[in-house]
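Descriptive analysis of the structure
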Amino acid sequence: MSLPLVVVTNRAFPETCALLAPYARLDANPSIEPWSYAEVRARCSTASGLLAFMTDRLDAAFFAACPALRVVGAALKGYDNIDVAAATDAGVWVTIVPDLLTVPTAELAIGLMLALSRHIVAGDRSIREQEFGGWRPQFYGAGVAGSTVGLVGLGSVGRAIAERLVPFGCTMLAHDMGVKDLPPELARHLTLTDFATLLAASDYVVLALPLTAETQHLIDADAIRQMKRGARIINPARGSLVDERAVASALADGQLAGYAADVFECEDWARRDRPATIEARLRASGAPTVLTPHIGSAVADIRREIEISAARSIVDVLVGRRPRHALNAPKAVRAAC
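Quick summary incoming for the structure in this document.

Attention now moves to the sheet that holds strand β5 (residues 93-95). As summarised here, the arrangement of the five strands in space is β2-β1-β3-β4-β5, forming an open sheet in which the pairing is parallel. Each end of this open sheet is capped by a strand with a single partner; those strands are β2 (25-28) and β5. Sheet twist, expressed as the mean angle between neighbouring strand axes with direction ignored, is 15 degrees. Bridging between strand β1 (residues 5-8) and strand β3 (residues 49-52) involves three bridges; their strand directions are parallel. Bridging from a neighbouring strand, V7 pairs with L50 of β3.

Structure, rendered in structure tokens:
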């Protein structure tokens, strides 16, 4: 009997494919360019397993079109691009990788904050584009020490960011509707507050929460008007937490001093109304922005571990075990073909 088919939608590490190979026939994308929704659905029409990434949108129609699919191993922490309820109804396991992305994402958030506030990107560009003649009174920015940082979201990423900010000696505020008490190691450094107070008091607002119907455009024109004039926003979480057009307008009129992001609205595949591109004013030359191409977890060893964790979950289902890190528990799991 032939091995079941597993589809890998983005270029994976050789170790990931080697782990899956004894248990499945692989249809793996060798390119850094993702397959389209239609192509992934077509390739999965007879597949038992799917190793999915950020670029994949898995909705009810997808699961209906893939009747042999038994497990989605998502190389992700956030899973807003997967309709988990539809997967459960279809008898498909969905697993994620809950912990490995936390530390690298927190590190990048600190890097974005420093790059934005200290004009590191603009300074680098200046050196490359003109002869350096020595120190000049320019590129004066803002420090993190002595500032007030507002963390919106206190899950594992929010807490990891807070831990890394402690040595900077800043005042830290935090808002998370699901958190009532702080862990002892952070209680000395963080003050829980409401969202409006955090916006009004913070020099930096750092977003560290998932994208849901309730959090989409949490930072919109109204929220920005409540912020301290000259504040900066750092977004390493999900693009659609902010209204990019509202942010661009606030940068233009000076209400915001800067915006740094590793994620963008155009990436959020679960949104049918997502914009096609990044707001042009954020990318314009001279804009007070620092933009990185979704590299929050792009540490080679970590990315390898993320893929292998997702692949192990797929193997679990193929050999008849309950998968690790499952988001759901389908009552009627699809049988092996």
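Read on, since the account is not over.
Our focus in this paragraph is the sheet that holds strand β8 (residues 190-192). Strand order across the open sheet formed by seven strands is β8-β7-β6-β9-β10-β11-β12, with parallel pairing between neighbours. Two strands in the sheet have a free side with no partner beyond their single neighbour: β8 and β12 (289-291). When the angles between neighbouring strand axes are averaged without regard to direction, this sheet yields 15 degrees. Judged from the five bridges that link them, strand β10 (residues 231-235) and strand β11 (residues 256-261) form a sheet pairing that is parallel. Each bridged residue has a counterpart across the sheet, and for I233 the counterpart in β11 is Y259. In this fold helix α7 (residues 156-165) packs onto β6 (148-152), β7 (171-175), β8 and β9 (204-207), with an angle of close to 165 degrees to the strand it touches most, β6.

Moving on, we get to the nonpolar core. Membership of the largest hydrophobic core comes to 30 residues, with the highest contact counts inside it found for M113, V149, L151, I161, L165, M172 and L190. Every element with two or more residues in this core is listed here: α5 (102-117), β6, α7, β7 and β9. Setting aside residues up to four positions removed in sequence, L151 forms contacts with G158, I161, A162, M172, L173, A174, H175, L190, L198 and V206. Listed in part, the 29 residues of the second largest apolar core include I233, L251, F264 and I278.

Basis of the calculations
Residues numbered from 1 in each chain as written. Predicted model: local features only at pLDDT ≥ 70, side-chain atom pairs only at ≥ 80, totals over all residues. Heavy atoms only, no water. Pairing = 2+ DSSP bridges. Helix = DSSP H or I, 4+ residues; strand = E, 2+ residues; numbered from the N terminus. Axes fitted to C-alpha atoms, helices over the stretch in contact; angles between N-to-C directions. Contact = heavy atoms within 4.5 Å. Core = buried A, V, L, I, M, F, W, Y, C linked by side-chain atoms within 4.5 Å. Buried < 20%, exposed > 50% of the residue type's maximum accessible area, 1.4 Å probe, protein only.

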